[in-house]
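The residues making up each chain are set out below.
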Amino acid sequence: MTVKNVMVIGAGQMGAGIAQVCMQAGYEVLLNDVNQDALQNGVNKIEKLLQRAVDKERITEADKSKTLGRLKTSTQIKDGGHCDLVIEAIVENMDVKTKVFRQLDEIMPEQTILASNTSSLPITEIAAATNRPEKVIGMHFMNPVPVMKLVEVIRGLQTSDETYETIETMTKELQKAPVEVADFPGFAANRVLMPMINEAIFAVYEGVATPEDIDTVMKLGMNHPMGPLTLADFIGLDTCLYIMEVLYEGFSDSKYRPCPLLRKYVKAGWLGKKTGRGFYQYH
């Protein structure tokens, strides 16, 4: 199957980034969001990043105009009925995602592939909400999407070889590196990353060291470009907690128990950079 038209559902940071890389790779993109303000913010973000690329002489003004010419917007899912691929990038909540996939299954042509950008939720369960589980797959992009090369491509129990091969080929056309991952809680990236972040939070909780010193240890001692607590603030502590809960529930293993300090910060509304305070303060 050849993908030409892509619908991205959700115009937040991830959705806008996914739309941008698809546009830059030559795909016609329909960016969808039920919230008109969010949709406009997503478009503005794409335009800003493309202008920055022009300013740095990575692309020309003509390239920018040509890329933006591939973008259309919509607030109605039904507008994507012509698309070959839908990539969902909405809130990390199973009930919300399955509701959207049921709608997509009813509206989209039978050959359309339905992909989720979920960072931790089971693809098999999402696929079960449709009558085309063989055409449902995970495409977990990394944040920020235009910069990060990795895409975890997650097979559900019934994902067909043809669907996987189509998405693998497309991912390479986006100048990304696809990695095939089985459908386990947290997949590969977050199964490794989130327990490390959680353990760093436990180290703060138990008074082992300050957030600054823990981040310094990991940057200077382990050659990480960013410390785990800074990274947690950028990801969002609510998102970190949610993924840890998915791991804890999915494996029933105490090593995935979310740190009480993480729960406390989330309850306090200290979610990281997006709220101005997490393990660090942002102004």
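Because the structure is predicted, anything quoted here is derived from the model rather than measured.

> I tried to follow the overall build of the protein chain on my own but got confused; where do I start?
Tallying secondary structure elements over the protein chain gives 11 helices and eight strands in all. For 283 residues, the compact-globule estimate of 2.2 N^0.38 gives 19 Å, and the C-alpha radius of gyration of the protein chain, at 19 Å, lies within 12% of that figure. Taking the principal axes of the C-alpha coordinates as reference, the protein chain spans close to 55 × 45 × 30 Å. For the protein chain, the exposed surface amounts to about 13,800 Å²; the carbon and sulfur share of it is 50%. Side-chain charges of the protein chain comprise 30 positive and 36 negative groups, with the mean position of each set lying 4 Å from the other.

> Sorry, what's going on with the UniProt feature "domain: 3-hydroxyacyl-CoA dehydrogenase NAD binding" (unreviewed entry) in the protein chain here?
Mapped onto this numbering, the UniProt entry gives "domain: 3-hydroxyacyl-CoA dehydrogenase NAD binding" (unreviewed entry) at residues 5-183. The span residues 5-183 shows a helical share of 40% and a strand share of 22%, and its end C-alpha atoms are spaced 26 Å apart.

> Please explain the sheet that holds strand E3 (residues 71-74) as it appears in this structure.
Remark on secondary structure: sheet strands pair via backbone hydrogen bonds, oriented parallel or antiparallel. The eight strands lie next to each other as E3-E2-E1-E4-E5-E6-E7-E8, forming an open sheet whose pairing is mixed. Two strands lie at the open edges of the sheet, namely E3 and strand E8 (177-181), each paired on one side alone. Mean inter-strand twist for the sheet, computed between neighbouring axes without regard to direction, equals 25 degrees. In terms of strand pairing, strand E4 (residues 85-88) meets strand E5 (residues 113-116) through four bridges, oriented parallel. Directly across from Leu-85, in E5, lies its bridge partner Ile-113. Docked against the sheet, helix H2 (residues 36-55) engages strand E2 (28-32) and E3, running at close to 165 degrees with respect to E3.

> Please explain the side chain of Lys-135 as it appears in this structure.
Mapped onto the elements, Lys-135 comes out in the loop between helix H5 (123-127) and strand E6 (136-141). Nearest to the buried, unbridged Lys-135 among oppositely charged side chains is Glu-162, at 4.6 Å. Residues within four places of Lys-135 in sequence aside, it is in contact with Glu-110, Gln-111, Thr-112, Ile-113, Leu-114 and Thr-163.

> Is there a simple way to think about the UniProt feature "domain: 3-hydroxyacyl-CoA dehydrogenase C-terminal" (unreviewed entry) in the protein chain in this case?
Those residues carrying the UniProt feature "domain: 3-hydroxyacyl-CoA dehydrogenase C-terminal" (unreviewed entry) are residues 186-282 in this numbering. When the span residues 186-282 is considered, its composition is 63% helix and 0% strand, and the gap between its end C-alpha atoms is 28 Å.

> Help me out: how do you make sense of helix H10 (residues 237-251) in this one?
Since the α-helix turns once every 3.6 residues, residues separated by three or four places project in the same direction. Between the first and last C-alpha of H10 there are 21 Å, a value that for 15 residues agrees with the 21 Å anticipated at 1.5 Å per step. Buried within H10 we find Leu-237, Cys-240, Leu-241, Ile-243, Met-244, Val-246 and Leu-247. Residues of H10 that are buried in the fold lie against helix H7 (189-205), helix H9 (228-235) and helix H11 (260-268). Immediately beyond the C-terminal end of H10, within one or two residues, lies Ser-252, with a positive phi of roughly 50 degrees.

> Just to check I follow, could you spell out the environment of Val-29 for this structure?
Secondary-structure assignment places Val-29 in strand E2. Taking the relative accessible area as the measure of exposure, Val-29 reaches 3% and is therefore buried. C-alpha separation for the pair Val-29 and Thr-73, spaced 44 residues apart in sequence, amounts to 8.3 Å.

> Please clarify how the packing of H7 against H11 should be interpreted in this entry.
How two helices sit against one another is set out by the angle between their axes and by the gap between those axes. Their axes nearest at 8 Å, the elements H7 and H11 cross at an angle of 90 degrees. Here H7 is positioned roughly perpendicular relative to H11, judged by the angle of their axes. Contacts between H7 and H11 involve Asn-198, Ile-201, Phe-202, Val-204 and Tyr-205 on the former and, on the latter, Pro-260, Leu-261 and Leu-262. Partitioned by chemical class, the residues of the contact of H7 with H11 number seven nonpolar, one polar and no charged.

> How do you make sense of the environment of Leu-247 when you look at a structure like this?
Inspection of the secondary structure puts Leu-247 in helix H10. As for Leu-247 and Phe-187, which are separated by 60 residues in sequence, their C-alpha atoms are 9.6 Å apart. Once residues lying within four places of it in the same chain are set aside, the contact partners of Leu-247 are Pro-185, Gly-186, Asn-190, Arg-191, Met-194, Pro-195, Ser-252 and Tyr-256.

> Can you walk me through the pattern of salt bridges in this structure?
Side chains bearing opposite charge may pair, as long as their charged atoms lie close to each other. Summed over the entire model, instances satisfying the criterion amount to eight salt bridges. Taking the shortest distance from any N to any O, the salt bridge between Glu-61 and Lys-64 comes out at 3.8 Å. With Glu-61 and Lys-64 both in helix H3 (residues 61-68), this residue pair falls three residues apart, about one helical turn. Overall, Glu-61 belongs to the partly exposed group, its relative accessible area being 42%. Among the charged side chains, a salt-bridge network with shared partners connects Glu-88, Glu-92 and Lys-97.

Cut-offs and rules
- Residues numbered from 1 in each chain as written.
- Predicted model: local features only at pLDDT ≥ 70, side-chain atom pairs only at ≥ 80, totals over all residues.
- Heavy atoms only, no water.
- Helix = DSSP H or I, 4+ residues; strand = E, 2+ residues; numbered from the N terminus.
- Rg over C-alpha atoms; globule rule 2.2 N^0.38 Å.
- Areas by Shrake-Rupley, 256 points an atom, 1.4 Å probe, with all protein chains shown as cover.
- Lys, Arg positive; Asp, Glu negative; His and termini not counted.
- Charge placed at Lys NZ, Arg CZ, Asp CG, Glu CD.
- UniProt positions renumbered as here; feature names shortened; annotations may be inferred.
- Pairing = 2+ DSSP bridges.
- Axes fitted to C-alpha atoms, helices over the stretch in contact; angles between N-to-C directions.
- Contact = heavy atoms within 4.5 Å.
- Buried < 20%, exposed > 50% of the residue type's maximum accessible area, 1.4 Å probe, protein only.
- Salt bridge = Lys/Arg side-chain N within 4 Å of Asp/Glu carboxyl O.
- Expected span 1.5 Å × (residues − 1).
- Parallel < 35°, antiparallel > 145°, perpendicular 65-115°, else oblique.
- Nonpolar A, V, L, I, M, F, W, Y, C, P; charged D, E, K, R; others polar.

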